[in-house]
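# Coordinates in review
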Amino acid sequence: MRKDKYANRKYIVYGFFVFVGIIFLIRIFYLQLYSDEYAFAAENNTLRNVVIYPPRGLVYDRKGKLIVYNEAVFDLMIIPGQAKSIDKIAMSNLLQIDTTEYNKRFAKARKYSSRKASIFEKQLSKKKTAFLQEKLFKFPGFFVQARTLRKYPYANAAHLLGFVGEVNQRDLKKDKFYVAGDYIGKSGIEKFYEKSLRGQKGVQKLMVDVYNREKGAFHNGKFDVEAVNGKSLHTGLDIQLQAYGEKLMQNKIGAIVAIEPSTGEIIAMVSSPSYDPNLLVGRVRSKNYTRLLRNPLKPLISRAVISSYPPGSTFKLAQALIAEQEGVLFPSTHYVCHDGFTYKGLHVGCHHHKPSIDLEESIEISCNAYFCNVYRSIIDNPKFSSAEMGFRQWRKYIMNMGFGRKFGIDLPYEGKGNIPTPEYYDKYYHRGHWNAITTISLAIGQGEILETPLQLANQAAFIANEGFYYTPHIVAMVGDSGLRNAKFAEKHYVGIDKKYFRPVINGMERVVENGTAKLAQIDSVIVCGKTGTAQNPHGKNHSVFIAFAPRENPQIAIAVFVENSGYGGTWAAPIASLMIERHLKGHIPQKRKWLEKRMLEGNLIPKNEK
Amino acid sequence: MRNNRLVWRDLDWVMISIYLLMMFFGWLNIYSAVYNPDNHALFNFSLRYGKQMIWIGAAIIIALGILLIDPKFFNQFAYLIYGIHLLSLVFVLLFGKEVAGSKSWFQIGSLAIQPAEFVKYATALALAHYLSQLDVKVNNIKTTIIAGIIILIPAALILLQNDTGSALVYVSFIFVLYRRGLSGNIFVIGFVFVFLAILALLLQSIAQKLILLGILFLILSVLYYFMRRNISNALKLLAVFVVLSGFVFSVDYAFSKLQAHQQVRIKVLLNMEQDLHGAGYNVYQSKIAIGSGGFKGKGYLQGTQTKFKFVPEQSTDFIFCTVGEEWGFLGSAAVIILFVFLLIRIIQVAERQRSTFAQIYGYGVASILFFHFTINIGMVLGLIPVIGIPLPFFSYGGSSLWAFTILLFIFIRQDAERMKLL
Ligand SMILES: [Zn+2]
């Protein structure tokens, strides 16, 4: 090997190693043997992490009324590892349980963890809490933790608000924020806005001596984490209108959705039958929940956003708009109807009326034949090479209007409804073997087509706006920043030019003026509406009504569905008009009290379901 | 007679014993860090100590495998091995899995591999191969630059993965270069810059910084007084002053370009900020845990601070704090001394090599281990900012354990051959 003139440098390298080693030795000498600051911090005392639960965010309605708030309750907690040599009998007596129950609860807590706290007794009353707290020094390992429960001053809007319940195993696995016994939003906006509502837990580190006595904050609270309150939700809901809607729908199955067209805010959303949200709070929750779950009328289902129905004649409005935009329908277009539409042995019935009518008249009297022809003119438009192409074009418009898909409303579950695809008909009739006639029931909103009440209300809203809508939503503002939720501020255009809305709206005005929904008339307010009847193969038809009002500068767009009630004009239209009147005027005038009474007293629940 | 058969007698059993001892002691501490009195089974492979047992078993198999390979292989194929590992870094950047902000893992089934860990030994091989060529001396510019490139390419790729800690490790190769002739001034310069950077951070106002520059100017003037006073030296010192002034004023800017958590970690260390819930909390809790260990420690499995999970990353980067709490001053001093002893042993063995390649590689091994040892324990003891790199042979984790095993055993294998080289 060559002579290495740098060989001595190894000593410098040794020097580095030894130097760092000595620095470390001095440091551990200082930490472990010299300074008692650090040793003291860990000596003898155990630390208890007391979790500070922030109050969950409050919920307000559009007029600033508080509709959800919190009430403090107390849980008795146990840390099994610290709860040794306890007088079990004394503790059992305090809680008024027997020792078997005590042992059972202790075993359960022990199984979860011996070092982490579990709930021993839930939701103690204030009196009991005060009483217990005095005795607790005798029971090391036990302590009281404050939490809050939800309260609903108005017993309404249960489906929207949703409820809060204890986290399950899945929640625990998915989000490390939660520990067993924590509460989480389970449905409604409580679930959707969980992250905003829950706030941030705080931690208070307390020193506790072996006798379970708190010796004060650890390091003067230097390591505590302050809890951050949950954010408030400001909804567009009018809780009084909501309550009124629920009352109108009592003893009926169905839904009401009312939207403010200029914002997309949901003013009221009724799913009937409903329930009192206070039933699903606290200790009574699981019992009531099971009861509601077993109810054959399914009160837990949020029909307004999930259930879908054939839209019936309300769908004709969409057909007219599409045909106009496609240039195959004009206000002056006349079609002839002799008690219906007949084509090569196929017959779609209609009621008796004057034979030749134009667009506005066709909406006013809801002529089936007219819209069968309109639908044919869209699908069989000669500019398309096939009926399939025409259908695809039609379907594009329909989807653009928000049918057959989710809006992305701020609720955890939302129905899509159903708009059949060309592939669906290909499967049924084989490709090229279907056309406008085969699918003619779509023309009048029957057949495979299904819509949710929310989609129907949105139809009324985009007609009111003459061509666009905002994503329907419950919560206008999260927190108190004053900033509206930007996600819902975007205008969605439905692809129909503004000018084509005029004849349709004229027709809707005539529906209420002297057409199929005269019961929906309101003094000094122009209501534009459209009735519908959804065929029900299992019994009496469902009645449908959509409307908006007033005609100029619309304040409210609404859809009402009443199951098993027959024609749209008899139940759905009056209920909608009462909601509109209440919203616009704040009260129902004497003149219409009789109608209100009839609606309130009507019982349309089929006998066999009671 | 020259053959490639491994002679067990020729193996350096001192290094091997320390290696096994460290792994075993590391495992004991991981067991304690994860230990939960509610639920303990020795062979629970879903928990970290169970997995670490598997990693250790695999590490020993890897070590045996390396001992059976022809030692010349590593010298001959050094560049190829280096290239393959660089490719793995590129692949992980493209296809890797992102964990906690760093894209540095390959997920193969249930096994997560961190390629960056393995690149260290590959770089040490490539550097040793390059520097051991006959005409290469690290006292000219060209050699320094090529060696620098070999070191900096992997460092840069790792930096792109957002893994600053692992990238910093490559600084340690300075020791290798130094041993091969790089001027020792590099340490002085490095020290001056780190010192100035800290001062510049602490002195927040412009006025304070100007005072610092004034003092600097004074020192340089004094220096000039003692040097040969001519134009050339004056200009040199002036240039130094200009560079240092520029540095002092650019520190704040460079600092602001660091990621937020890195800024906080540095500020915490310099006592400029208290962050008792983030980085500061870890370090504070770590100090409490170690401090509470006292002289003899609380006894195995008896640590209270660690059981409360006060110290995050207990089984990985903060494993030394379990040692401190449960084994006290005796245990922690033993670990520190054992590390220093291992490092010195590696250099001793490196110095007895006849093959320049083996010698340089040995310095690479020592440098990497030394850097990890310094940064990791320095961090746990609150002496340097929190930089997440593992303590060799101790910390939980398959990739790092295997990579350190490969690193060390290639060297042990080279050493076993020293008698056969003439
Ligand atoms: Zn007709």
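Residues numbered from 1 in each chain as written. Chains lettered and ligands numbered in written order. Predicted model: local features only at pLDDT ≥ 70, side-chain atom pairs only at ≥ 80, totals over all residues. Heavy atoms only, no water.

### Looking at the overall build of chain A
A count of helical and extended segments in chain A gives 20 helices and 22 strands. Each of the 610 residues in chain A was classed as buried or not, and the buried ones make up 55%. The contacts in chain A between residues at least 6 apart in sequence include a share of 71% that link residues at least 24 apart. (Helix = DSSP H or I, 4+ residues; strand = E, 2+ residues; numbered from the N terminus. Buried < 20%, exposed > 50% of the residue type's maximum accessible area, 1.4 Å probe, protein only. Contact = heavy atoms within 4.5 Å.)

### Some thoughts on the overall build of chain B
Broken down by element type, chain B carries 17 helices and three strands. The buried share of chain B, reckoned over its 422 residues, is 54%. When contacts within chain B are restricted to residue pairs at least 6 apart in sequence, long-range pairs at least 24 apart make up 71% of them. Accessible surface, chain B: about 18600 Å² in total, of which carbon and sulfur atoms supply 70%. (Areas by Shrake-Rupley, 256 points an atom, 1.4 Å probe, with all protein chains shown as cover.)

### Some remarks on the pattern of salt bridges
Residues and elements named next belong to chain A. Under the definition given, this model contains 40 salt bridges over all chains. Residue arginine 392 pairs with glutamate 423 through a salt bridge whose shortest N-O separation is 3.1 Å. Of this pair, arginine 392 sits in helix 15 (residues 387–400) while glutamate 423 sits in helix 16 (residues 422–429), placing them 31 residues apart in sequence. For glutamate 423, a relative accessible area of 41% gives the class partly exposed. The partner of lysine 585 in a salt bridge is glutamate 581, and the shortest N-O contact between them spans 2.9 Å. Remark: glutamate 581 and lysine 585 occur in helix 19 (residues 572–585); sequence separation between them is four residues, near one turn of the helix. Look at lysine 585 and you get partly exposed, because its relative accessible area is 28%. With a relative accessible area of 1%, glutamate 581 lands in the buried category. Bridged by salt links that share partners, the residues Glu101, Lys104, Arg105, Glu121 and Lys128 form one connected network. (Salt bridge = Lys/Arg side-chain N within 4 Å of Asp/Glu carboxyl O.)

### Regarding the coordination of the zinc ion
All names here are of chain A. For the zinc ion, the protein coordination sphere consists of Cys337 (SG), Cys350 (SG), His353 (NE2) and Cys367 (SG), at 2.0 to 2.4 Å. Metal-centred angles of 102 to 116° between the four donor atoms at the zinc ion mark the site as tetrahedral. Along the chain, the residues donating to the zinc ion fall in the pattern C-x12-C-x2-H-x13-C. Of the two residues, cysteine 337 sits in the loop between strand 13 (335–336) and strand 14 (340–343) while cysteine 367 sits in the loop between helix 13 (359–365) and helix 14 (368–379), which places them 30 residues apart along the sequence. Comparing cysteine 337 with cysteine 367, the two get one shared label, buried. (Donors = N, O, S within 2.8 Å, 3.2 Å for Na, K, Ca; no water. Tetrahedral: all angles 85-135°; square planar, octahedral: opposite > 155°, others 65-115°.)

### Quick look at the confidence of the model for chain B
All names here are of chain B. The share of residues in chain B with pLDDT of 70 or more is 88%, and the mean pLDDT across the chain is 84. Helix 14 (residues 304–307) is the least confidently modelled element of chain B, averaging 58 in pLDDT, while helix 16 (residues 356–380) averages 94, the highest of any element. Interface scoring of the predicted complex returns ipTM 0.90; its pTM is 0.60. (pLDDT = per-residue confidence, 0-100.)

### What about unusual backbone geometry?
Negative phi characterises most residues that are not glycine, and trans characterises most peptide bonds. Residues and elements named next belong to chain A. At the junction of serine 272 and proline 273, the peptide bond is cis and its omega measures out at 0° in the coordinates. You can see proline 273 is positioned in the loop between strand 12 (265–272) and helix 11 (285–294). Following alanine 549, the chain continues into proline 550 via a peptide bond in cis, with omega recorded as -15°. Relative to the helices and strands, proline 550 is located in the loop between strand 21 (542–549) and strand 22 (556–562). Of note, glutamine 96 is a non-glycine position whose phi angle comes to about 55°, a positive value.

### What about the sheet that holds strand 11 (residues 254–260) of chain A?
Residue and element names in this part refer to chain A. Here five strands make up an open sheet; going across it, the order is 12-11-22-21-20 and the pairing antiparallel. Both edges of this open sheet fall to strand 12 and strand 20 (528–534), since each of them pairs with a single strand only. In this sheet, adjacent strand axes meet at a mean angle of 5° when their direction is disregarded. As judged from the seven bridges shared by strand 21 and strand 22, these two strands associate in the antiparallel manner. Looking at strand 22, one finds that valine 544 is bridged to phenylalanine 561. This element, helix 19, spans strand 11, strand 12, strand 21 and strand 22 of the sheet and lies at about 150° to strand 22. (Pairing = 2+ DSSP bridges. Axes fitted to C-alpha atoms, helices over the stretch in contact; angles between N-to-C directions.)

### Observations concerning a nonpolar patch on the surface
A grouping of Phe29(A), Tyr30(A), Leu33(A), Tyr34(A), Phe295(B) and Leu330(B) is seen on the molecular surface, where their side chains present a nonpolar patch of about 620 Å² in accessible area. For the nonpolar patch, the element with the most residues is helix 1 (residues 9–34) of chain A, which contributes four residues. Tracing the backbone shows Tyr34(A) in helix 1. (Patch = residues over 30% accessible without salt bridge, like charges linked within 9 Å, V, L, I, M, F, W, Y side chains within 5 Å.)

### Observations regarding the pairing of strand 4 (residues 118–124) of chain A
All names here are of chain A. Among the seven residues that make up strand 4, five are buried, leaving the element largely enclosed by the rest of the structure. Sheet analysis places strand 3 (residues 66–78) next to strand 4, joined by four bridges and oriented antiparallel. Bridged to isoleucine 78 within strand 4 is serine 118.

### Quick notes on the state of the cysteines
Tallying each qualifying case throughout the model produces zero disulfides over all chains. Free of any disulfide, Cys372(A) has its nearest neighbouring cysteine sulfur in Cys367(A), separated by 8.2 Å. (Disulfide = S-S within 2.5 Å.)

### Quick look at a positive patch on the surface
There is a patch of like positive charges on the surface, built from Arg170(A), Lys174(A), Lys191(A) and Lys195(A). Structurally, Arg170(A) is set in helix 7 (residues 169–174). (Lys, Arg positive; Asp, Glu negative; His and termini not counted. Charge placed at Lys NZ, Arg CZ, Asp CG, Glu CD.)

### Considerations on the environment of Leu269(B)
Residue and element names in this part refer to chain B. Checked against the element boundaries, leucine 269 lands in helix 12 (residues 260–269). The class of leucine 269 is partly exposed, set by a relative accessible area of 29%. For the pair leucine 269 and leucine 383, spaced 114 residues apart in sequence, the C-alpha separation works out to 7.3 Å. Those residues within four positions of leucine 269 in sequence are excluded, and the remaining contacts are Gly382, Leu383, Ile384 and Pro385.

### Digging into helix 10 (residues 206–226) of chain B
All names here are of chain B. When the terminal C-alpha atoms of helix 10 are compared, their 31 Å separation across 21 residues agrees well with the 30 Å that a helix rising 1.5 Å per residue should span. Those residues of helix 10 that sit buried are Lys209, Leu212, Leu213, Leu216 and Leu220. The buried residues of helix 10 occupy an angular sector of 100° when projected down its axis, which confines them to one face. Exposed residues pointing more than 90 degrees away from the buried face of helix 10 are listed as Ile211, Leu218, Tyr225 and Phe226. (Expected span 1.5 Å × (residues − 1). Arc of directions from axis to C-beta.)

### Considerations on the packing of aromatic side chains
All names here are of chain A. Tallied over the full model, the rule gives 57 aromatic pairs over all chains. A centroid spacing of 5.7 Å and a plane angle of 70° characterise the contact between phenylalanine 315 and phenylalanine 403, whose relative ring orientation is edge-to-face. Residue phenylalanine 315 is located in the loop between helix 11 and helix 12 (316–325), and its partner phenylalanine 403 is located in the loop between helix 15 and helix 16; the two are separated by 88 residues in the primary sequence. A single burial state applies to phenylalanine 315 and to phenylalanine 403, both of which are buried. Residues phenylalanine 407 and tyrosine 469 carry aromatic rings whose centres are separated by 5.7 Å and whose planes lie at 75° to one another, so their mutual orientation is edge-to-face. Of this pair, phenylalanine 407 sits in the loop between helix 15 and helix 16 while tyrosine 469 is found in strand 17 (residues 468–470), placing the two residues 62 residues apart along the sequence. Across this residue pair, the class does not change: phenylalanine 407 and tyrosine 469 are buried. Taken together, the ring pairs in this structure connect Phe315, Tyr375, Phe391, Trp394, Phe403, Tyr424, Tyr425, Tyr428, Tyr429 and Trp434 into an aromatic cluster. The ring of phenylalanine 177 has lysine 201 sitting right over it, with the charged end atom 4.8 Å from the ring centre. In this structure, arginine 376 is placed above the aromatic ring of tyrosine 343, and the distance from its NZ or CZ to the ring centre is 4.5 Å. (Phe/Tyr/Trp six-rings, centres within 6.5 Å; stacked < 30°, edge-to-face > 60°. Lys NZ or Arg CZ within 6 Å of the ring centre and 35° of its normal.)

### Section: the packing of helix 15 (residues 319–351) of chain B against helix 17 (residues 398–416) of chain B
Residues and elements named next belong to chain B. In contact at an axis separation of 10 Å, helix 15 and helix 17 are set at 35° when each is read in the N-to-C sense. Crossing hand, helix 15 versus helix 17: left-handed. Facing helix 15, whose interface residues are Ile346, Val349 and Ala350, helix 17 presents Leu408, Phe411 and Asp415. (Left-handed = near helix turned anticlockwise from the far one by under 90°.)

### Looking at the nonpolar core
Met269(A) and Trp394(A) are the most contacted members of the largest nonpolar core, which has 134 residues in total. Counting only domains with at least three residues in this core, you end up with domain 1 (51–235) and domain 2 (239–278 + 302–609) of chain A. Core analysis: the second largest hydrophobic core is formed by 117 residues, Phe118(B), Leu182(B), Ile346(B) and Trp402(B) among them. (Core = buried A, V, L, I, M, F, W, Y, C linked by side-chain atoms within 4.5 Å. Domains from an automatic or database assignment.)

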